[in-house]
Amino acid sequence: MGYTLQFGAIWASFDKLMSGLAIGLGLAIAAVAIGTCFGLLAAFASVGLSRIGRMIVTCYVMVIRNLPLLVLVLLVYFALPQAGIRLDKYESFIGALALYSGAYLTEVFRAGLTAVPKGVVEAARAIGLTRIQTNVFVTAPIMLRNALPSLGNTFIGMFKDSSIAAAIAIPELTFQARKINVDTFRVVETWIVASGLYIAACFAIASLLRRLERRFPKF
Amino acid sequence: MENVQPLLEIRGLHKHFGSVEVLKGVDLTLRRGEVVSIIGSSGSGKTTLLRCVNLLEEFQDGDIVLDGETIGYSIVNGRRHRLRDRELSRQRSMTGMVFQSFNLFPHLTAAGNVMLGLRKVRRFGKEEARSIAERWLSRVGLASRSDHYPSQLSGGQQQRVAIARALAMDPKLVLLDEVTSALDPELVQEVLNTVKGIADDGATLLIVTHEMRFARDVSHRVVFMDQGQVVEDAPPAEIFGNSRSQRLAEFLRNTRT
Ligand SMILES: Nc1ncnc2c1ncn2[C@@H]1O[C@H](COP(=O)(O)OP(=O)(O)OP(=O)(O)O)[C@@H](O)[C@H]1O
Ligand SMILES: [Mg+2]
């Protein structure tokens, strides 16, 4: 006996899936934007002069990398209100994903930093730039270009991980798909369409990023 | 009275890396407008000396006085303290440094390389910085290359951009560390000519070089270093004439072959 695929009911709710996709993208963009700030600060601290700074970064990266994202999301969602910090579920999820991506980006940026030639940094110091100016105007731009491909991959990873927001009832793509399942019972069709959307979106992001990389040629 | 006070005075400079003593009490004086070349065998401490003057290295004892200001350290209650980053940066901006390996900023164009220090250290506006940069790039013969990135330039052109970058800051003193050693032989002369040009314009230069003929042609004085010490300090005619010390004679014999 065969299962006959019927997509009709899915197309009727296609706009919900698309709005779910948009929410997922929005969550990923916000989280990676904030995570990039965390990652930059942490990467510079990890090669910086302050020993306490280096220790904090080591702990941050170690804790986050050993924690499943779902657990981190639930922890932030349920624990912060107990600590008196009121966040809506979007803010809480973006915060968790930012922490998560920040730890991975720390590694990405640290690798990018070690690839910045020492002599170039010394040249910046030699013309009288302060340590901070050197970081901002010389080290960071070179490092970001080194890190661009990995940064793109991390972004795609975070977009896929935005599906975990379904666990706290954020109406992104996975959540919408589950809802359509309940309403239509076309379970297989729904997941086929949802998968197609994830794949198409990731593919589109990847080709955008490739274009960006070409805009900024390797040195 | 200006000639009384030297522009750069290094007194009893001691520097060690861990337990290895690299500079063992170096004394050296430069007057304004003077061109001094340092020669000496590999490992004698020439690069380290320049890096101390530009405060890229710390040193353990001695003084470096630039235009009347003791740089790098302050003495408080008889103890030496390394100055703060901001202060060190200000003092570094008074000397220019040209490196053996160019070290251009790869993400900036030739003009951008020259402009960065003008904008962020000298605080010039964008237009003014650009016009100073263009002027220096044409001075080193690269007017048409100002929008090229370092990766689009030959080694000789990159080194000339580096020279423009150092000189545009209007430093009191320019340090040049084997600026032609990393170049293909056919590109050496264009860079040496550029250095000769700025020397003729009256810049004060401290040059580490293995180009003996260049040292003889361009310098007012030549300093021979050996094992972390200044062994000879004399006009080129004397250094390359009847060499007095045996170590210098030996060094010159080895480099001429
Ligand atoms: N960062 C460092 N750590 C430890 N030792 C160093 C360091 N830099 C230089 N040295 C040592 O100091 C000594 C002098 O080095 P320096 O580079 O000043 O010599 P140099 O005269 O410039 O030689 P060359 O002609 O080969 O450039 C060498 O023995 C070198 O091994
Ligand atoms: Mg050297």
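Going by the annotation in an unreviewed UniProt entry, the name recorded for chain B is Amino acid ABC transporter ATP-binding protein, with Microvirga puerhi given as the source organism. In its Sequence similarities (unreviewed entry) section, UniProt records this for chain B: "Belongs to the ABC transporter superfamily."

As annotated in an unreviewed UniProt entry, chain A carries the name Amino acid ABC transporter permease and is attributed to Microvirga puerhi. Taken directly from UniProt, the Sequence similarities (unreviewed entry) text for chain A runs: "Belongs to the binding-protein-dependent transport system permease family. HisMQ subfamily." The UniProt entry for chain A carries this comment under Function (unreviewed entry): "Part of the binding-protein-dependent transport system for glutamine; probably responsible for the translocation of the substrate across the membrane."

A.B. asks: Would you explain the sheet that holds strand β9 (residues 173-177) of chain B in this entry?
C.D. replies: Residue and element names in this part refer to chain B. Read from one edge of the open sheet, six strands run β8-β9-β10-β3-β11-β12, paired in mixed fashion. A single partner strand is all that each edge strand has here, and the edge strands are β8 (95-98) and β12 (229-234). Direction aside, the axes of adjacent strands within the sheet are offset by 20° on average. When β9 meets strand β10 (residues 205-208), the two strands line up parallel, connected through four bridges. Looking at β10, one finds that aspartate 177 is bridged to valine 208. Running at roughly 170° to β8, helix α5 (residues 155-168) makes contact with β8 and β9 of the sheet.

A.B. asks: Could you clarify how one ought to interpret the side chain of arginine 145 of chain A in this entry?
C.D. replies: Residue and element names in this part refer to chain A. Position of arginine 145 relative to the elements: it lies in helix α7 (residues 131-161). Although arginine 145 is buried, it forms no salt bridge, and the closest oppositely charged side chain is glutamate 213 at an N-O distance of 4.9 Å. Leaving out residues up to four positions away in the same chain, arginine 145 has contacts with Glu213, Phe216, Pro217, Lys218 and Phe219.

A.B. asks: Is there a simple way to explain the interface of chain B and chain A in this structure?
C.D. replies: By a frequent convention, interface size equals the accessible area lost on bringing the separate parts together. Taken together, the 23 residues of chain B in the interface contact 18 residues of chain A. Between chain B and chain A, roughly 1900 Å² of surface is buried when both sides are summed, and carbon and sulfur atoms account for 67% of that area. Linking chain B with chain A are two salt bridges. In this structure, arginine 51 of chain B engages glutamate 122 of chain A in a salt bridge whose closest nitrogen and oxygen atoms are separated by 2.7 Å. Between the two partners, chain B and chain A, sit six residue pairs in polar contact (both at pLDDT 80 or more). Counting residues per element, the ones that place at least two in the side of chain B that touches chain A are α2 (85-92), β8 and α3 (110-120) of chain B. By residue class, the composition of the side of chain B that touches chain A is nine nonpolar, eight polar and six charged.

A.B. asks: What am I meant to see in the site of ligand 1 here?
C.D. replies: Residue and element names in this part refer to chain B. What surrounds ligand 1 is the set Phe17, Val22, Ser41, Ser42, Gly43, Ser44, Gly45, Lys46, Thr47, Thr48, Glu178 and His210. Between ligand 1 and the protein, one listed contact pairs an oxygen atom with a side-chain N or O atom of threonine 47 at 2.7 Å. Separating an oxygen atom of ligand 1 from a side-chain N or O atom of glutamate 178 is a distance of 3.2 Å. Relative to its unbound accessible surface of 630 Å², ligand 1 loses 58% to contact with the protein.

A.B. asks: Mind showing me how you'd approach the pairing of strand β3 (residues 35-40) of chain B here?
C.D. replies: Note on strand geometry: in a regular strand, side chains alternate between the two faces of the sheet. All names here are of chain B. β3 sits mainly inside the fold: six of its six residues count as buried. Taking every second residue as pointing to the same face, both faces of β3 are buried, with Val35, Ser37 and Ile39 on one and Val36, Ile38 and Gly40 on the other. The sheet contact formed by β3 and strand β11 (residues 221-226) spans five bridges and is parallel. Residue pairing across strands places valine 36 opposite arginine 221, the latter belonging to β11.

A.B. asks: I keep staring at the packing of aromatic side chains and nothing clicks. Help me out?
C.D. replies: Centre-to-centre distance and the angle between the planes together describe a pair of aromatic rings. Tallying each qualifying case throughout the model produces seven aromatic pairs over all chains. When the centroid spacing of 5.0 Å and the interplanar angle of 70° are considered together, the rings of tyrosine 77 of chain A and phenylalanine 78 of chain A count as edge-to-face. Residue classification places phenylalanine 78 of chain A among the exposed residues on the basis of a relative accessible area of 52%. Their ring planes at 35° and their centres at 5.3 Å tell us that phenylalanine 224 of chain B and phenylalanine 251 of chain B sit as a pair that is tilted. In this pair, phenylalanine 224 of chain B is assigned in strand β11 and phenylalanine 251 of chain B in helix α9 (residues 246-256), connecting sequence segments 27 residues apart. For the pair shown, phenylalanine 224 of chain B and phenylalanine 251 of chain B are each scored as buried.

A.B. asks: Looking at this model, I keep getting lost on the packing of helix α2 (residues 14-46) of chain A against helix α9 (residues 187-215) of chain A. Mind explaining?
C.D. replies: Any two packed helices are characterised by the angle at which their axes cross and by the distance between the axes. Residues and elements named next belong to chain A. For the pair α2 and α9, interaxial distance at closest approach is 11 Å and the crossing angle is 40°. Here α9 runs oblique to α2, going by the angle between their axes. Crossing handedness for the pair α2 and α9: right-handed. Mapping the contact onto sequence places Phe14, Leu17, Met18, Leu21 and Leu25 in α2 and Val193, Leu197, Ala201 and Ile205 in α9. For the contact of α2 with α9, the residue count by class is nine nonpolar, no polar and no charged.

How each quantity is defined
Residues numbered from 1 in each chain as written. Chains lettered and ligands numbered in written order. Predicted model: local features only at pLDDT ≥ 70, side-chain atom pairs only at ≥ 80, totals over all residues. Heavy atoms only, no water. UniProt positions renumbered as here; feature names shortened; annotations may be inferred. Pairing = 2+ DSSP bridges. Helix = DSSP H or I, 4+ residues; strand = E, 2+ residues; numbered from the N terminus. Axes fitted to C-alpha atoms, helices over the stretch in contact; angles between N-to-C directions. Contact = heavy atoms within 4.5 Å. Buried < 20%, exposed > 50% of the residue type's maximum accessible area, 1.4 Å probe, protein only. Lys, Arg positive; Asp, Glu negative; His and termini not counted. Salt bridge = Lys/Arg side-chain N within 4 Å of Asp/Glu carboxyl O. Buried area = accessible area lost by both parts, 1.4 Å probe. Polar contact = N/O pair within 3.5 Å; in protein donor to acceptor, adjacent residues only side chain to side chain. Nonpolar A, V, L, I, M, F, W, Y, C, P; charged D, E, K, R; others polar. Near = heavy atom within 4 Å. Areas by Shrake-Rupley, 256 points an atom, 1.4 Å probe, with all protein chains shown as cover. Phe/Tyr/Trp six-rings, centres within 6.5 Å; stacked < 30°, edge-to-face > 60°. Parallel < 35°, antiparallel > 145°, perpendicular 65-115°, else oblique. Left-handed = near helix turned anticlockwise from the far one by under 90°.

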